[in-house]
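Residues per chain, in single letters:
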Amino acid sequence: MKPIFANDWAEILHPEMEKPYYLELRRRLADEYRSQTVYPDMYRIFSAFHLTAFADTRVVILGQDPYHGPNQAHGLSFSVQPGRPVPPSLDNIYRELHDDLGCKPVRHGFLEPWAKQGVLLLNHVLTVRRGLAASHQGLGWETFTDAAIAAINKREQPAVFILWGRSAQEKGAFIDAGRHLVIKSAHPSPRSAERGFFGSRPFSRTNEFLRSRGLPEIDWCLPDMPEELKEEGKTTT
């Protein structure tokens with residue numbers, strides 16, 4: 001569970017992995033993976049960092065913890081593996097995306113195309129037991145992901161932080177809103193989306209900010225899922 005990052009996150013995250021809290025987290029995770037069903041697969045825990053290099057990160061979308069159902073989580077916040085139904089919160093994200101930018105809703109929940117453009121899809125807790133939401137809160141992931149967010153916050157190049165819901169907003173309270181754009185709204189969950197998420201226009205506001213700073217915009221409109229990925233997702237565990 002100490003991966004070799006093939007990009008510039010290595011300089012930031014490998015020292016973090018030598019700290020006592022992370023060594024204890026690693027020990028406890030090893031026990032969890034041996035004795036429980038834990039998501040995502042241990043080789044996908046750090047997918048967000050592998051797909052979105054530190055220097056390339058233009059947007060951070062902060063989630064809470066991974067989906068806890070079979071074949072869903074794959075290391076990116078709000079995203080599910082190919083072949084899985086679109087979760088309700090992501091369905092609401094697609095609805096707002098359509099209203100904001102006119103993007104056609106797709107019939108999959110695979111957000112890797114965003115990650116490859118510089119959108120860090122980061123949960124603040126990176127693992128979970130099957131069927132038990134928030135079961136790995138307090139193990140130490142919060143400190144680890146705080147370090148990643150702090151590194152982006154200190155960086156000279158500005159970024160956009162999209163914080164949906166109270167949990168994300170509390171975690172991002174230290175972000176320098178004078179240098180970065182911080183977009184806050186209600187969470188896209190069906191329980192709260194009507195209380196300020198719909199109509200918040202996070203996608204166009206993000207691109208307006210990036211454009212004003214001379215940075216490439218994000219193409220938020222997702223492509224349809226290739227057939228080979230659909231089939232792959234049906235057999236992924």
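Everything below is about the structure shown above.
Just so it is clear, the model here is predicted, and its values are computed rather than measured. (Residues numbered from 1 in each chain as written. Predicted model: local features only at pLDDT ≥ 70, side-chain atom pairs only at ≥ 80, totals over all residues. Heavy atoms only, no water.)

Enquirer: Quick one: what's the story with the overall build of the chain, residue by residue and with numbers?
Expert: Scanning the chain from terminus to terminus reveals nine helices and six strands. The C-alpha radius of gyration computed for the chain amounts to 17 Å, which stays within 12% of the reference 18 Å derived for 237 residues, consistent with globular compactness. Judged by the C-alpha coordinates and their principal axes, the chain covers about 45 × 40 × 35 Å. Within the chain, the proportion of its 237 residues that are buried is 54%. The long-range fraction of contacts in the chain, counting pairs at least 24 apart against all pairs at least 6 apart in sequence, stands at 69%. Accessible area of the chain: about 11000 Å², with a carbon and sulfur share of 49%. Charge centroids of the chain, computed over 29 positive and 29 negative side chains, lie 3 Å from each other. (Helix = DSSP H or I, 4+ residues; strand = E, 2+ residues; numbered from the N terminus. Rg over C-alpha atoms; globule rule 2.2 N^0.38 Å. Buried < 20%, exposed > 50% of the residue type's maximum accessible area, 1.4 Å probe, protein only. Contact = heavy atoms within 4.5 Å. Areas by Shrake-Rupley, 256 points an atom, 1.4 Å probe, with all protein chains shown as cover. Lys, Arg positive; Asp, Glu negative; His and termini not counted. Charge placed at Lys NZ, Arg CZ, Asp CG, Glu CD.)

Enquirer: Describe helix α4 (residues 88-101), and please don't skip the residues or the numbers.
Expert: Spanning 14 residues, α4 covers 20 Å between terminal C-alpha atoms, matching the ideal 20 Å at 1.5 Å per step. S89, L90, N92, I93, Y94, E96, L97 and D100 are the residues of α4 that are buried. Buried-residue contacts for α4 involve α5 (112-115), β5 (160-164) and α8 (202-212). The first or second residue beyond α4 is G102, which carries a positive phi of 80°. (Expected span 1.5 Å × (residues − 1).)

Enquirer: I'd like a description of the packing of α4 against α8, backed by residues and values.
Expert: Taken N-terminus to C-terminus, the directions of α4 and α8 make an angle of 55°; their axes are 7 Å apart at the nearest point. Between α4 and α8, the angle falls in the class oblique. Along its contact with α4, which presents I93, E96, L97, D100 and L101, the element α8 presents P202, F203 and S204. By residue class, the composition of the contact of α4 with α8 is five nonpolar, one polar and two charged. (Axes fitted to C-alpha atoms, helices over the stretch in contact; angles between N-to-C directions. Parallel < 35°, antiparallel > 145°, perpendicular 65-115°, else oblique. Nonpolar A, V, L, I, M, F, W, Y, C, P; charged D, E, K, R; others polar.)

Enquirer: Which residues make up the sheet that holds β5, and what values go with them?
Expert: Read from one edge of the open sheet, four strands run β3-β2-β5-β6, paired in parallel fashion. Across the chains shown, the open sheet's two edge strands, defined by having one partner strand only, are β3 (119-123) and β6 (181-185). The sheet shows a mean angle of 20° between the axes of neighbouring strands, taken without regard to direction. Summarising the sheet, β5 and β6 pair through five bridges and their orientation is parallel. Residue W164 lies in a different strand from β6, and its bridge partner there is S185. Of the strands in this sheet, β2 (59-63), β5 and β6 are in contact with α8, which crosses β5 at around 165°. (Pairing = 2+ DSSP bridges.)

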